[in-house]
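Per-entry structural report
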Amino acid sequence: MKIVLEHLTKRFPNRNKKIKDEVIAVNDFNFTIPDGKLIGLLGPSGCGKSTALNLICGLEKPTEGKIYFGDLDVTGLAPEKRGVGLVFQNYALYPHLNVRENIRFPLENLRGDKKLTKEQMEEKVLEAAKLVQIDGLLDRKPNEMSGGQQQRVAIARALVKRPQVLLLDEPLSNLDARLRLQTREELKRIQQETGITTVFVTHDQEEAMSISDTIVVMKDGVLQQMGRPQEIYDEPINLFVAKFLGTPQINVFEGKISGEKVFIDDKAVMDAKGATDGEVYVAIRPEGFVVDENGPLTCSFINREVMGRDTSVVAHHERFLGETIRAIIPSEEVIEPKEGRVSFSLKPAKVRLFDRNTEERIRVQV
Amino acid sequence: MKKNLTAWLCLLPAVAFLLVFMVYPLVDVLVYSFEEGYNFASQSYFGTGLYNYSYVLRDPYFIQALKNTFIIVIITVPLSTGIALLISLGLSNIKVLRDFYQTVYFLPYVTNTLAVGLVFMVLFKKTAYSDGLVSILIQFFGGPGVDFIDGPYWAKMFVMCFYTIWCVMPFKILILTSALASVNPMYYKAARVDDTRPFRIFYKITLPMISPMVFYLVITGFIGAFKAYSDEVALFGADLNAAGMNTIVGYVYDMLYGNSGGYPSYASAAALILFAIVFTITTINLMVSRKTVYYN
Amino acid sequence: MNNRDIKNEEARSRAGDVTRITVRYVLLSVWAILVLFPFYWMLLTSIKSYGSYNAEYVPKFYTLSPTIDNYIQAFTAVPLAKYFLNTLIFTVITTALMLLVVILSAFAFARLDFRGKDLVFSLFLSLMMIPNELVIITNYVTITNLNMRNTFLGLILPSVTSVFYIYLLKENFEQIPEELYKAAKVDGTSDFRYLWKVMIPISKPTLVTVVILKVIECWNSYIWPRLITDDQNYFLVSNGIQEIRENGFGRENVPAMMAAVVVISVPLVVIFLIFRHKIMEGVARGGTKG
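Note that residues are indexed from 1 along each chain, following the sequence as it is written. Chain letters and ligand numbers both follow the written order, the letters beginning at A and the numbers at 1. Restriction of local features to residues with pLDDT of at least 70 applies here, the model being predicted, together with a cutoff of 80 or more for giving and counting side-chain atom pairs; totals for whole chains, interfaces and linings are based on all residues.

Take the overall build of chain C next. Runs of E in the DSSP output that reach at least two residues are strands. Runs of H or I that reach at least four are helices, and both are numbered from the N terminus. Across its full length, chain C holds 15 helices and zero strands. Relative to a compact globule of 290 residues, whose C-alpha radius of gyration would be 19 Å, chain C shows 26 Å and is clearly more extended. The 290 residues of chain C split such that 39% are buried. With the radius of gyration taken over C-alpha atoms, the globule rule is written as 2.2 Å times the number of residues to the power 0.38. Whether a residue is buried, exposed or partly exposed follows from its count of other C-beta atoms within 10 Å of its own C-beta, namely 20 or more, 12 or fewer, or something in between, respectively; the C-beta atoms are built from the backbone.

Across its full length, chain A holds eight helices and 21 strands. On the principal axes, the C-alpha backbone points of chain A span a range of 75 × 45 × 40 Å. Counting the 366 residues in chain A, one finds 41% classified as buried. In chain A, the share of contacts with a sequence separation of at least 24, taken over all contacts with a separation of at least 6, comes to 65%. We call two residues in contact whenever the C-beta atoms placed from their backbones are within 7 Å.

Let's shift gears to the confidence of the model for chain C. In this model, chain C carries an average pLDDT of 88, and 98% of its residues clear a pLDDT of 70 or more. Per-residue confidence from the prediction method is given by pLDDT, with values spanning 0 to 100. Averaged over each element, pLDDT in chain C is lowest for helix α15 (residues 276–289) of chain C (81) and highest for helix α4 (residues 80–111) of chain C (93).

Moving on, we get to the interface of chain C and chain A. Listed per partner, the contact involves six residues of chain C and seven residues of chain A. Partitioning the side of chain C that touches chain A into residue classes produces two nonpolar, two polar and two charged. In this classification, Asp, Glu, Lys and Arg are treated as charged, Ala, Val, Leu, Ile, Met, Phe, Trp, Tyr, Cys and Pro as nonpolar, and every other residue, Gly included, as polar.

Its place among the elements puts B:F279 in helix α13 (residues 264–292). Classification of B:F279 as partly exposed rests on a count of 13 C-beta atoms within 10 Å.

Now for the packing of helix α3 (residues 60–92) of chain B against helix α9 (residues 198–226) of chain B. Residues and elements named next belong to chain B. Whenever a helix is involved, its axis is fitted only over the stretch in contact; in every case the axis is a line through C-alpha atoms, and angles between N-to-C directions fall within 0 to 180 degrees. Across the interface, α3 lies against α9 with an axial gap of 9 Å and an inter-helix angle of 155°. Compared by their axis directions, α3 and α9 come out roughly antiparallel. Read as a crossing pair, α3 and α9 show a hand that is right-handed. Taking contact as the criterion, the partners of T69, I72, V73, T76, V77, S80 and T81 in α3 are, on α9, V214, L217, V218, G221, F222, A225 and F226. These descriptions rest on fixed angle ranges, namely under 35 degrees for roughly parallel, over 145 for roughly antiparallel, 65 to 115 for roughly perpendicular, and the rest for oblique. Here is the rule for handedness: rotate from the far helix to the near one, and if that takes an anticlockwise turn smaller than a right angle the crossing is left-handed, while a clockwise turn gives right-handed.

Across the contact, 69 residues belong to chain C and 71 residues belong to chain B. If you tally residues by element for the side of chain C that touches chain B, the top one is helix α1 (residues 3–46) of chain C, at 12 residues.

As a further point, take the domain arrangement of chain C. Residue and element names in this part refer to chain C. Residue ranges for the domains trace back to a domain assignment, done automatically or taken from a database. Each assigned domain of chain C is listed with its residue range as follows: domain 1 (3–46) and domain 2 (76–287). One C-alpha centre belongs to domain 1, the other to domain 2; they are set 39 Å apart. Contacts between the two partners involve four residues from domain 1 and, on the opposite side, six residues from domain 2. Its residues assigned to classes, the side of domain 1 that touches domain 2 shows two nonpolar, two polar and no charged.

Turning next to the sheet that holds strand β7 (residues 165–169) of chain A. All names here are of chain A. For two strands to count as paired, DSSP must find a minimum of two bridges between them. Pairing in this open sheet of six strands is mixed, and the strands run β6-β7-β8-β3-β9-β10 from one edge to the other. Every interior strand has two partners, whereas the edge strands, β6 (84–87) and β10 (222–227), have only one. Direction aside, the axes of adjacent strands within the sheet are offset by 15° on average. Two strands pair when backbone bridges link them, and β7 and strand β8 (residues 197–202) are joined in this way by five bridges, in the parallel orientation. The partner of V165 across the bridge, within β8, is T197.

It is worth spelling out unusual backbone geometry at this point. Both trends apply: most residues other than glycine have a negative phi, and most peptide bonds are in trans. With an omega of -15°, the peptide bond running from A:T247 to A:P248 counts as cis. Within the element layout of this structure, A:P248 appears in the loop between α8 (239–244) and β11 (251–258).

Residue and element names in this part refer to chain A. Overall, antiparallel pairing links the six strands, which are arranged β13-β12-β11-β14-β20-β21 in an open sheet. The strands lining the two open edges of the sheet, one partner per strand, are β13 (267–271) and β21 (361–362). Pairing geometry for strand β20 (residues 351–355) and β21, over two bridges, is antiparallel. For L353, the partnering residue across the bridge sits in β21 and is I362.

A word on the nonpolar core. Core analysis: the largest hydrophobic core is formed by 264 residues, its most contacted members being B:A270, C:A260 and C:V261. With 15 residues, helix α7 (residues 153–181) of chain B is the single largest residue contributor to this core. Shared between two domains, this core holds at least three residues of each, these being domain 1 (3–46) and domain 2 (76–287) of chain C. With residues near it in sequence (within four places) discarded, C:V261 still touches B:A115, B:L118, B:V119, C:M42 and C:I241. Each nonpolar core consists of buried Ala, Val, Leu, Ile, Met, Phe, Trp, Tyr and Cys residues. Their C-beta atoms, within 7 Å, join them into a set.

Next up on the list: the environment of A:M121. Structurally, A:M121 is set in helix α3 (residues 118–131). In contact with A:M121, other than residues within four places in its own chain, are A:R104, A:L107 and A:L116.

Three- or four-residue spacings in an α-helix give side chains the same orientation, since the helix completes a turn every 3.6 residues. Helix span, expected: 1.5 Å multiplied by one less than the number of residues in the helix. Here helix α11 (residues 204–220) of chain C spans 24 Å end to end across 17 residues, near enough to the 24 Å set by a 1.5 Å rise per residue. When we look at burial in α11(C), the residues that qualify are C:T206, C:L207, C:T209, C:V210, C:I212, C:L213, C:K214, C:I216, C:C218, C:W219 and C:N220.

The next point concerns the packing of helix α5 (residues 113–124) of chain B against α7(B). Residue and element names in this part refer to chain B. Viewed as axis vectors pointing N to C, α5 and α7 meet at an angle of 140°, and their least axial separation amounts to 11 Å. Regarding the angle of α5 to α7, the classification is oblique. α7 is crossed by α5, and the crossing has right-handed handedness. For the pair formed by α5 and α7, the contact residues are T113, G117, F120 and F124 on the first element and V159, Y163 and C167 on the second. When the residues that make up the contact of α5 with α7 are grouped by side-chain class, the tally is five nonpolar, two polar and no charged.

Residue and element names in this part refer to chain B. Here N246 is to be found in the loop between α11 (240–243) and α12 (248–256). Overall, N246 belongs to the buried group, with 26 C-beta atoms counted inside 10 Å. In sequence terms N246 and G142 are 104 residues apart; their C-alpha atoms lie 32 Å from each other. Those residues in contact with N246 that lie beyond four places of it in its chain are Y61, Q64, A65, N68, L240, N241 and Y251.

Residue and element names in this part refer to chain A. For strand β3 (residues 38–42), a buried count of five out of five residues is recorded, marking the element as mostly surrounded by other parts of the structure. Burial along β3 is two-sided: L38, G40 and L42 facing one way and I39 and L41 facing the other are all buried. Here β3 runs beside strand β9 (residues 214–219); their pairing, made up of four bridges, is parallel. Bridging across to β9, L41 finds its partner in V216.

Once that is clear, we can look at the pairing of strand β14 (residues 278–284) of chain A. Residue and element names in this part refer to chain A. Within β14, five of the seven residues are buried, which leaves the element mostly enclosed by the surrounding structure. Here β11 pairs with β14 via seven bridges, running antiparallel. From the neighbouring strand, V252 faces β14, where its bridge partner is A283.

Here's what the structure looks like:
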């Protein structure tokens, strides 16, 4: 089921009644979620991503704009009529019902010609439980299971009635790190097996990058960029997106362009063909640094953290915005700092330039 | 041990009061209940045995009181809990005027039962001047005029139960409203997305989740209703035996004090019978709850 | 489902919403009227004159000639002011004494170590199950034998201890972090100074709850005062109103009776309206922990 959002806007009145201003949680969203894909809605907390999910689900009504499922305008339709499955951050498993009863719950709501017999229900429950691999735990109560198992039950409950759209709100944030890795692969597998259009919300860029077919990056209710994970990582359209994706974070320096060259502190660090002169941010991915005794970018060395194959060099520079620069260098290329200094040259393909005022991307010919 | 001494000094007032006004009376009431023919004036008795109990159990006034009490319990506990649940559900689902309704509903809790009882009496009583507002209303709609205060038994029982419910509602509404507020709204959202009908949401989700509080109200409701007394006095006056509206607690006090008083032995026996009934009912309640109440 | 079905569905769910909201408000308003009506009626009747009240076979829902005669009567024909004062004295002294007793014991249980603490506390808890009706018989005899009938002492003494409040406060005291106590000890603070300066301020919400519950209980208490007083000079409002009902104003004077009822009801209702959120919160706390 394809989902189309047209000028979708949601405003909330300010909590503080004295202030007349409204909070715009979702601001003029226009995009199409293709059928059968896994979409990650990514953004920092409070950016409106959960509101966007609630709008698609129907739990919130938009202030303006339309939502289409396929060709149907579902904007005014109550959530229960939309045929969506929803998984909550805290799973929302009914604590007084066991796993079987939890998964069966949506089936028991079916009426009219969709009504199922006991046997049909049991069959569907088993099928869903098998899909998420909890068919051995059907008689347990939610509080007798681990977070990961509860999460699977929640997914099974959302899938059992074969929704047209599956929505997941921060599905992995309550799991510990190891389970999170495991579960996100599971999620990808389940989505591919069922082929249900799936939208999930997360603040964890790594999570979004690893499993989404498409990522939608949001900030303050405004859609920043939408695209395949690699595309967004490689070609961020503004400084926010560049900083939000990638760990360790991209390293941002104050610099300028002059005569088609990029300067940081009067040192030309790379060429910028076709760019006009002006103040810029120079953003360098951690893997964009090359240790080079004669390199133009000389930083004060702080320490290094060996991570096995790679080493992370931690350093500082006058023009650097933030605490510490992190450069990821293959371990064998690391050399001892001289007089507490370490110099780098840059890989131009890993450097992005942004306008100092608009924070928009400046494209250069490489 | 200075520490020991400080602690005991702190506890001294409580311990002293409890010994004099709780522990000693507890033993004493048992003793009284077995002392036959106790005379309050001479403080003497002429035998020990179960005579007091058998006297009380054969006393028509006690039988009447027992019957009245049971009727009050059976009618008011389920009704008040049910109506309170309905009202709390309504309250939880509105925003406008919510605070106003909550304030109004709580008013009976802070008013003097005996004082407001008088107002109920005035509304229901038939006098030489007027049939009473309620009776007139009934007649207006074509019903018979009824004197609810001095009239037929079931009319009196109706006012009785109505006033009892009126008095116990504030507490129940308050407790149930806060219980409902403590249910995480995410469960309702989940159920809604799954197209669950409102009644099913209530029956399958809300009710199990607030069941400990409902059960708490049922237990305290039972205990409270078995001890009914002031409400009766408020409506029918201090001589409840004459009105045929006495309760077990009323019987105890009448035996102790007042026109027919001066028999602490009978009073003690009746009080112990009441205690046994309440204890049994509470135990049964607890057993039932273990099967039906969901505890997190 | 096509687009037209969706339009129908939307209309249906909107209609359903309207019905549901209407039903809710109707239900809530019916009960609100049932609650408020007696209050309205007592106010209304209290300002009708004796003559006009008795002349109305079908009582009127309003009056065009309000009078305060009934209030004057209520204060002159019966010692209403005396009942009032008695209740005030009774409530204040009982509540104050109870606070003292309860705070001291809760402090001992929560903060002090002494031999037999657990045993004593269990015994206290088991007393919580004893209904008042069981012990009131002997207490009546005790107070009578001590010649304390018709005295404030006799009225007050049996109700200055409450195991439930001790329990409530002890639980609250125990939630105060141990570190605070240790820090205070290091600074050389005495136990009682610690109780007064740290524990009591921190536990203020619970203490407020206890005071609220106790004041309401005192203001409404009827049974014990009835047993222990037969001299009108020691009547509390509940007994006073009963006395008015039985022997009244020499004749069945309903408006004057209602005036007395209003006077008795007003103080608590006013206090409630001012502190309503605190009071409701307090009652809920006290009620659900029990």
